[in-house]
Amino acid sequence: MSDPFDLSDDEPHAVRSNAPAVPPPWLDRLNPEQRQAVETTEGPVLVLSGAGTGKTRVLTARLAHIVMTRLAKPWNLLAVTFTNKAAREMRERVSALIGPASEQLWLGTFHALGVRMLRRHARLAGLESNFTILDTDDQLRLLKQVMETGRVDSKRWPAQALMGTIQRWKDRGLTPAQVTDGEAGDFAAGRAVELYQAYQERLRSLNACDFGDLLLHCLTIFKDPQHIDVLAEYQRQFRYILVDEYQDTNIAQYLWLRLLAQKHRNICCVGDDDQSIYSWRGAEVGNILKFEHDFPGATVVRLEANYRSTPAILAAASELIRHNEGRLGKTLRPGGVDPQPGEPVVVRGLWDGEEEARWVVEEIEARHRAGTSLNEIAILVRAGFQTREFEERLITTGIPYKVIGGLRFYERQEIRDALAYFRVVVQPADDLAFERIVNVPKRGLGDATLQAVHVLARAQGIGLVAAARQLIASDELKPRARTTLAGLLIDFDRWRSLLAAVGHGELAQTILDESGYTGMWQNEKTPDAQGRLENLKELAAAMDEFDSMAGFLEHVSLVMENDERTDVERINVMTLHGAKGLEFDVVFLPGWEEGVFPHQRAIEASGAQGLEEERRLAYVGVTRARQRVYVSYAANRRIYNQWQNNLPSRFVEELPAEMVERLAEKGLFGGVTEAAAAWGTNWNSGYLTQRQRRTDREAPDAAAPPDDGYAPGDRVFHQKFGYGLVQTVDGNKLEISFDKAGVKKVLDSFISMA
DNA sequence: GATAATCCGGTTTTT
DNA sequence: CCGGATTATC
């Protein structure tokens, strides 16, 4: 490989001497490193792409470059992403560069591409090509059945845990036969592998797959010596392979890529080891760390010019991540011309979570007044439950917000029920769907009936619907159940016969109405019933966008996302994980306390490695911001209604002092150091054990309470809420009607007699 | 077969 | 403290 560019850090503006005067559009305005990443088409290439260094741009330019210079036809390119969103974005951007040819690219998520291949060769994996893809919910139910059949005590051994184990095995590309005895663990007295085996058999008999199988079956087929032609064909086809977010790949994905890339060896992986935050779901940072070893002769390109954040933010992020070991090493530098340092990162300590929320929202209002769009502001938290405090404060303040990554459309109960009806109609053999809706709405087909169906199905080795059909022809069932079940099956058949005749959106509505499902929610008096009915309407309407009901179901199983409306300006509230790949002008990072962030359990579960991943998460958070970063921590926090006092996160100390403006709560502490010292007297880093919590439940003594209790009617004073009257007393919990702040529940340790 | 009582757990998430 | 999930009861 010729080496036209100097990759060393100290030559940011190296210029290619033989560059054409006018570069083609897809190479326009790329910096030298980006351009090298695009133009080094032959051989393995690893692009280490720091946050905000134009990764997507490089990927799309590379695709365009290969197609436009006729190195290969679009269908000779395989481009893999993790999320549908990333895939969509990439396709749009490539399309802008190369036009309709982009439709011919093999571009999609690992799973979508896996399905595409697997449908073609399903037989080789023991499936029919119209197999169904189960989601987590179905998987768990199936696994429970398997465990029941295997007489495993589901109390001692939760199905969820087994599901996790199996998923991790699949992440590593292991079929039941490949799991070694040493790995079996002690789950269900060492029977985990046996259960895994049984689960796979059940899946096959249902003509179904879980997500892990989409790749695992591909691997099995690729490696099958009987069918070497299949792999050979794909290897021949994919002359160029591109992989996005390579640091997030698991072993199965790695193996899949390696097999496909073996012939042409033109594989380009783009990733950032410093942004690897998914090891807990099977991602292997090792994949990126050992790329050069796995693909000898690889070209490594580092993208370090950041076009997103201010120098101050970059300095803070770089210094923070420098505390990690085992990095490939990259330093972000400002990419813009003549960059101003920008505002320092603000770090603020506050008294408690409520005060933190108030401060954050005040600052948001200030930024908004200063002209920042609410869409460009984000609050990024470590864990989902932390959003609540901010939501409450945002509601009282009247600032519109959206919580991203909450419950998703297709995961809602009513949607899943409706889909189950459609599945039964499209795929009569879909037992899991049948079970889900056979008695929804309640029609008197309970456990007894279902059990009879199961017994017959198992005895004859047939599906549940087929078994049900036989049962109603017999006298096994009570007359009532028999009539109802017969009626239901007739309904299924009728709807199925309408598939070809009626528009499927309309048919969907018919199914929901005739099955009584719509009626069930109409009779429901809970406040959310109306919303559920609307969701159902939306579902039926969405279906008309597709060619067929089956096509729609396929789409849904792979694309479990809700399209958000973008009509009003709203601030964004989400987890740090959810924020990866996004950027905002202003980012708030609350809850930087030991035990919360880094999260205690991350450290407990994986020690130093876990801590490093938490630090990467912090790095991801900081690098989301273009203009300003606000970090905050609270001395006291109520978790599960117990007061807990925390130390500031170690990550606070790891930010460079010269890029940080530190503020501490006025009147409480002179500064962070004093504050830390003050808390040190009552220190408990991280979460307390249950027992400690019981004994240490008092918050720090801001105002020492009298030893004897309070009684209703007492006039009291509270540090934050001012004066008020005690309403009720419940142990050390008081309900107080404050003159200014209204009625609040507080602990006696926070108040004193007025 | 459906409703009330009780127990447990409570990080991060895509496909 | 809250929500869900399983269990006890009618």
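The structure presented is a predicted model; accordingly, all values stated were derived computationally and were not measured.

Colleague: Would you explain the protein's contact with DNA strand B in this entry?
Modeller: With respect to spatial proximity, 28 residues lie near DNA strand B, and among them Asn84, Gly384, Thr575, Arg601 and Tyr640 are the closest. Here the atoms of DNA strand B within 4 Å of the protein split so that 58% fall in sugar or phosphate, with bases taking the remainder. Note that a base oxygen of DNA strand B is positioned 3.3 Å from one of the side-chain N or O atoms of Trp280. Across the surface near DNA strand B, the residue classes break down as nine nonpolar, twelve polar and seven charged.

Colleague: I would appreciate a short explanation of the environment of Gln237 in the present structure.
Modeller: Topologically, Gln237 is positioned in helix 9 (residues 228-237). Taking the relative accessible area as the measure of exposure, Gln237 reaches 14% and is therefore buried. Separated by 160 residues in sequence, Gln237 and Leu77 have C-alpha atoms that sit 7.9 Å apart. In this structure, Gln237 is in contact with Trp75, Asn76 and Trp106, ignoring residues within four places of it in sequence.

Colleague: Is there a simple way to explain the side chain of Asp273 in this structure?
Modeller: Looking at the element boundaries, Asp273 is found in the loop between strand 7 (267-271) and helix 11 (285-289). Reaching out from Asp273, the side chain makes a polar contact with the backbone nitrogen of Leu328 at a distance of 2.8 Å. If we ignore the near neighbours within four places in the chain, the residues touching Asp273 are Leu48, Gln247, Val285, Ile288, Leu289, Arg327, Leu328, Gly329, Lys330 and Arg616.

Colleague: Looking at this structure, how should I read the nonpolar core?
Modeller: Buried together is how nonpolar side chains tend to be arranged in soluble globular proteins. Grouped together as the largest cluster of nonpolar side chains are 48 residues, with contacts concentrated most on Leu419, Phe422, Phe434, Leu485, Phe492 and Leu539. Beyond its immediate sequence surroundings of up to four residues, Phe434 is in contact with Val424, Leu450, Leu464, Val465, Ala468, Leu485 and Phe492. Within the second largest apolar cluster, 47 residues are counted, among which are Leu48, Leu118, Phe222 and Tyr234.

Reading the values: rules and limits
- Residues numbered from 1 in each chain as written.
- Chains lettered and ligands numbered in written order.
- Predicted model: local features only at pLDDT ≥ 70, side-chain atom pairs only at ≥ 80, totals over all residues.
- Heavy atoms only, no water.
- Near = heavy atom within 4 Å.
- Polar contact = N/O pair within 3.5 Å; in protein donor to acceptor, adjacent residues only side chain to side chain.
- Nonpolar A, V, L, I, M, F, W, Y, C, P; charged D, E, K, R; others polar.
- Helix = DSSP H or I, 4+ residues; strand = E, 2+ residues; numbered from the N terminus.
- Buried < 20%, exposed > 50% of the residue type's maximum accessible area, 1.4 Å probe, protein only.
- Contact = heavy atoms within 4.5 Å.
- Core = buried A, V, L, I, M, F, W, Y, C linked by side-chain atoms within 4.5 Å.

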